[in-house]
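Below are the chains, spelled out letter by letter.
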Amino acid sequence: MLENLPLLAAVNLHKTYRKHAIEVPVLTGVDLEVFAGEFLSIVGSSGSGKSTLLHLLGTLDKPDAGRILFNTERIDNLPAEQRDRLRNETFGFIFQFYHLLPELTTLENVLMPKMIALSVRGWLRQRRTLKQHATELLDRVGLGHRLHHKPRELSGGEMQRAAIARALINRPRILLADEPTGNLDADKGLEIIRLLRDLNRQEQLTIIMVTHNMEIVGNTDRVVRLIKGRVEDATKSPSLLQPTMTG
Amino acid sequence: MYKLLLCWRYLLTRYLALVCIVSVMLGVATLIVVNSVMAGFSTKLRERLHGLLSDIVIEAHDFQGFANPEGKMALIQSDPFLSQHIEAMTPTLEIFGMIQFACNGTALARPVHIIGIDPAGRARVGGFAEHLLLHKGKPSFELSPEALERQHVLHPPHRLDRIAAMLLPPPTDGKPAPAPPPLDVSPPSTIIIGYAIAHFRAKLNPDGPPEEVRTLAPGDDVIITTIKGHGLRNQELSPVQWRCAVCDYFKSEMSEYDANYVFVPLSELQRLRAMPDRATSIQIRIKDYRDLRAVKDRLQTLLPAHWELTVHTWEDKQGPLLAAISIEKGILNVLLFMIIAVAGFGILAIFSMIVVEKTRDIGILKALGASNRGVLNIFLSYGLLLGAVGALLGSAIGTAITIYINEIEQFLTKWTGHELFDRSVYYFNEIPTDLNIWSVLVINVGAVAIAVLFSVLPALRAALLHPVRALRYE
């Protein structure tokens, strides 16, 4: 029964930004359902609200109206501490600009979500196991030889792979990727997408990816398009996948 | 855990934060040095003040004093509690007056505080005999042979006596010639004068340091003028004057005393002031300083009210001076803590810059699940760490400066050619310091608290940053 229910759902989401008393509506009633194990792409022109939708789904921001349901439980109105825990344990984030912490090594960056989750005592007790797990993850994304390098010593592709390892350290249910290939050349971008695809297939990891790169969406299970602040399921109208239609 | 890690990394990588550390460090070091020197001065001054004053003084209300001091001391001794706690007692007779003497043909006059004492009794009470230069430890009003010689030069035998001696016929019966009449070279009295009355410091050589010049040698004459009462109940006052010879110097290293005090024999002063068997105070030394208050209270209840005697401890007597030192120290501490407060504003400014610089990192941390409180704690801990490192370094530097302050002063005096610590003011041979571990601790805690306090605002700003806006910050 539960298998037919979406893992994550957005119901009639509205979000408006205000800039100097001018209101800019970004999302005007978004409905979206994401099922467990699905690899979903969200496409749309620049400023169509793709990233805003991703931030709302990942509880980084709150909608003005509408609901977000995780496992049929509403999560958008949870207290701050519970939303913090959701971002730490349930969601994994990867960003276009990698967003690694420059003061930390690759290994420390990957361990950061674990450090946030644990107390000093808890960390000290588990640090060996955790470091081993982080090293395995970095090995898996092909960065086993870069454990103690600072982000500035890594290439763009390496930084994004480190960011993926960081997003996976807490074994999240859903990976939220915001333009993960936006800052990489075509080859490196394709490598990242293949990595995500593998994770999706092997680990049954649910992935929601925002992108405007139409070449990579072919690797995903389903594509939805944001038009005028609403969702249109692109897989139902293949014409939407034409490059000319994307921004 | 991430808070500690990030704090540590920020400390090692943000060189801007070193400015915060240096400002806290300088503030703490200055506070420690100034506090230690002030405490040193205070302790030394207290020692000197107490050293000179007896523990407890029983005083008459006016300068005519009270009668029968021996009887009063006997009454005190008869009390079992007091006799058990009192080490020694002595009466003194104190009065203002004037000293006159000649220096290089110029007549000099100064106001002085004349104290009539019994030297042995005063020595037992303490704070006197050890400050004498010529009869150190053995106070006496006797003239040394050199002083007697000086008196002989100043007051040679009368010429007529010498002529008479020469005119006397030689003895004819083989008996020895009769001794000549005794030479009256002994002055009517002797006096112990404050060292600073008899000496002054002057720069004789323009390039050299100031030197000490003596104006009164042992055996020199001085004239003391004061008052005595006569008539009905001694109410009418008239001047009284006498000549005496300097027999010793009193050097307590307290310029206040050394420049004003002269000591004369108690019986002499009583006779000259027509106050036989009277004194103005009884000086008391107690066995255990901790019993000071108890002995004072007991004395107050013992002495009948109609005697009109007041009982003071030495602290009561020097209350204003001790309070002044304490107030000075307090004000100086407030002013110096304001220096640390200035350092605090530096921390505020630099932290605000660091928060702006780290805006995106704050967004990342929040995206990874860090709470607002967690982010707040990163920056508060960072402030704490900067304050603690600054305070620690400041304590090390401040302690080192305090320990080697005299060497540093000597070096600076030699280097600049200007005497930084004028020894004539206090007669201290070196800058006194008193490094108190508790005050160092208080300074450290205060400095760290200020550092944390001033990081609250930027830390709050960081904590309340919206994660999405922080992530999009460029």
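Here, every reference points to the structure presented above.
Predicted model, so just to flag it, every value in this text is computed and none were measured.

I'm lost on the nonpolar core in this one. Help?
Nonpolar side chains in soluble globular proteins tend to be buried together. Grouped together as the largest cluster of nonpolar side chains are 117 residues, with contacts concentrated most on A:A165, A:I208 and B:V24. In terms of residue count, the dominant contributor to this core is helix α2 (residues 16-52) of chain B (12 residues). Excluding residues that lie within four positions of it along the chain, A:A165 makes contacts with A:V110, A:L137, A:L138, A:V141 and A:L143. B:V57, B:L132, B:A198 and B:L299 belong to the second largest nonpolar core, which has 55 residues in total.

What am I meant to see in helix α14 (residues 359-367) of chain B here?
Since the α-helix turns once every 3.6 residues, residues separated by three or four places project in the same direction. Of all nine residues in α14(B), seven are buried, a share of seventy percent or more. Buried within α14(B) are the following residues: B:D361, B:I362, B:G363, B:I364, B:L365, B:K366 and B:A367. Here the buried face of α14(B) lies against α2 (80-89) and β6 (91-94) of chain A together with α15 (372-403), α18 (437-463) and α19 (467-472) of chain B. Looking one or two places after α14(B), you find B:G369, whose phi comes out positive at around 110°.

What is the right way to read helix α1 (residues 50-57) of chain A from this model?
Residues and elements named next belong to chain A. Counting buried positions along α1 gives eight out of eight residues, so the element sits mostly inside the fold. Of all the positions in α1, only K50, S51, T52, L53, L54, H55, L56 and L57 are classed as buried. A positive backbone phi angle near 60° is found at T59, which sits one or two residues after α1.

Looking at this model, I keep getting lost on the sheet that holds strand β1 (residues 8-19) of chain A. Mind explaining?
Where strands meet in a sheet, backbone hydrogen bonds hold them as pairs that are either parallel or antiparallel. All names here are of chain A. An order of β2-β1-β4-β5 is seen for the four strands of this open sheet, with the pairing classed as antiparallel. In this open sheet, the two edge strands, each paired with only one partner strand, are β2 (22-34) and β5 (73-74). Note: β1 against strand β4 (residues 65-70), five bridges, orientation antiparallel. Counted as the bridge partner of A9 is L69 from β4.

Before we go on, may I ask you to explain the environment of A:L7 in this structure?
Residues and elements named next belong to chain A. Following the sequence through the fold, L7 ends up in the segment before β1. Here L7 falls in the buried class, since 20 other C-beta atoms lie within 10 Å of it. With sequence-adjacent residues up to four places away left out, L7 is seen in contact with V34, F35, A36, N71, R173, I174 and T206.

Is there a simple way to think about the interface of chain A and chain B in this case?
When the parts of a complex come together, some accessible area is lost, and that lost area is often taken as the interface size. In this assembly, 23 residues from chain A lie in contact with 21 residues from chain B. Going through the elements one at a time, α2, α3 (106-117) and α4 (120-140) of chain A are the ones with two or more residues in the side of chain A that touches chain B. Taken together, the residues that form the side of chain A that touches chain B break down as 13 nonpolar, three polar and seven charged.

Cut-offs used in this document
- Residues numbered from 1 in each chain as written.
- Chains lettered and ligands numbered in written order.
- Predicted model: local features only at pLDDT ≥ 70, side-chain atom pairs only at ≥ 80, totals over all residues.
- Core = buried A, V, L, I, M, F, W, Y, C linked by C-beta atoms within 7 Å.
- Buried ≥ 20, exposed ≤ 12 C-beta atoms within 10 Å, placed from the backbone.
- Helix = DSSP H or I, 4+ residues; strand = E, 2+ residues; numbered from the N terminus.
- Contact = placed C-beta atoms within 7 Å.
- Pairing = 2+ DSSP bridges.
- Nonpolar A, V, L, I, M, F, W, Y, C, P; charged D, E, K, R; others polar.

Nothing here speaks to function; it is all geometry.
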